[in-house]
Amino acid sequence: MLTSLEVSKKQPGLLHFPGLGHFLVVVIFTGIEIVGLIEWLAISNGENHTAVLGQSYPILQLGAISSRVGITGFAAIVLAVFLLVEHIITQVDATGRFASGKQLVEILTFSSLESVIWVVWLVLIPVNGILAITFFLAALFVEHPSSSSQAQGLFSSDCLY
């Protein structure tokens, strides 16, 4: 158990405190990533876009984007959007404030990179399963600590620490 002095010296953000706050943030961003991965796989496997994305598909006129970039590209964009939201939540939680413009660019870069890793993994599976899992594990081994460092402000000159 932390004393009130120790708690007051802790870094801002829910993940720096034990208990319900930590649990809720983890559940939220894990849920967002899982939903994004499910949507991505459904679109990649040729599911009907309107069934997968619901009413947002016709409202946002996503058909125009889908026809321009193809199914794989469209699925990657959908996944990148979910990962972007997840990474923004992680950034806010890690720093206790909303991301700056520079940090948003970094978050967008890491979200896009992670989306590409998932797409390459999916493409490699039918080619060679061992190669696919090796690529996937190696790529995420490099990307996840980098994006986590970014979320904690280690790559950004305008962090709180």
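Throughout, residues of each chain are indexed from 1 in the direction in which the sequence is written. Only residues with pLDDT of at least 70 get local features here, since the model is predicted, and only at 80 or more are side-chain atom pairs given and counted; chain-wide, interface and lining totals rely on the full set of residues. Only hydrogens and water are removed before side-chain values are computed, so all heavy atoms of the structure are retained for them.

What about a nonpolar patch on the surface?
Here is step 1 of the chain: Each patch groups residues whose relative accessible area exceeds 30% and which form no salt bridge, using 9 Å between like charges and 5 Å between nonpolar side chains of Val, Leu, Ile, Met, Phe, Trp and Tyr. Per-residue accessibility takes into account occlusion by the displayed protein chains alone, with areas from the Shrake-Rupley method and a 1.4 Å probe. We count a salt bridge whenever a side-chain nitrogen from Lys or Arg sits within 4 Å of a carboxyl oxygen from Asp or Glu. A cluster of nonpolar side chains, L20, F23, L24, V27 and I28, forms an exposed patch at the surface whose accessible area comes to about 490 Å².
Here is step 2 of the chain: One can find L24 in helix α2 (residues 20–44).
Here is step 3 of the chain: Accessibility expressed as a relative area gives 42% for L24, which makes it partly exposed. Put simply, DSSP H or I for four residues or longer makes a helix, DSSP E for two residues or longer makes a strand, and each gets a number counted from the N terminus. Partly exposed residues are those whose accessible area sits between 20% and 50% of the maximum for their type, while under 20% is buried and over 50% is exposed, using a 1.4 Å probe and protein chains only.

A short note on the nonpolar core
Here is step 1 of the chain: Counting residues in hydrophobic clusters, the biggest one holds 18 residues, and the most contacted among them are W40, L79, W118, W121 and F136.
Here is step 2 of the chain: Mapped onto this core, the elements with two or more residues apiece are α2, α5 (62–95), α6 (101–127) and α7 (129–151).
Here is step 3 of the chain: Top element by residues in this core is α5. It accounts for six residues.
Here is step 4 of the chain: When near neighbours in sequence (up to four residues on either side) are disregarded, W40 contacts A75, A76, L79, W118, V119, W121 and L122. Nonpolar cores are built from buried Ala, Val, Leu, Ile, Met, Phe, Trp, Tyr and Cys residues. Side-chain atoms within 4.5 Å join them into one set. Note on contacts: a residue pair is in contact if any heavy atoms of the two residues lie within 4.5 Å.

What about the side chain of S115?
Here is step 1 of the chain: Residue placement: S115 occurs in helix α6.
Here is step 2 of the chain: If we ignore the near neighbours within four places in the chain, the residues touching S115 are A76, L79, A80 and L83.

Some remarks on the packing of aromatic side chains
Here is step 1 of the chain: Stacked, tilted and edge-to-face pairs are distinguished by plane angle, under 30 degrees for stacked and over 60 for edge-to-face with tilted covering the rest, among Phe, Tyr and Trp rings (Trp via its six-membered ring) whose centres lie within 6.5 Å. Taken as a whole and judged by the stated rule, the model has four aromatic pairs.
Here is step 2 of the chain: With centroids separated by 5.9 Å and ring planes inclined at 70°, the aromatic side chains of W40 and W118 adopt a geometry described as edge-to-face. Highlighted residues: W40 in helix α2 and W118 in helix α6, separated in sequence by 78 residues. Take W40 and W118: they sit in the same class, and that class is buried.
Here is step 3 of the chain: With a centroid separation of 5.3 Å and an interplanar angle of 40°, the aromatic rings of W121 and F136 are classed as tilted. With W121 in helix α6 and F136 in helix α7, this pair connects stretches of sequence that are 15 residues apart.
Here is step 4 of the chain: Residue classification places F136 among the buried positions, given a relative accessible area of 12%.
Here is step 5 of the chain: Among the aromatic side chains, those forming a connected cluster through ring pairs are W40, W118, W121 and F136.

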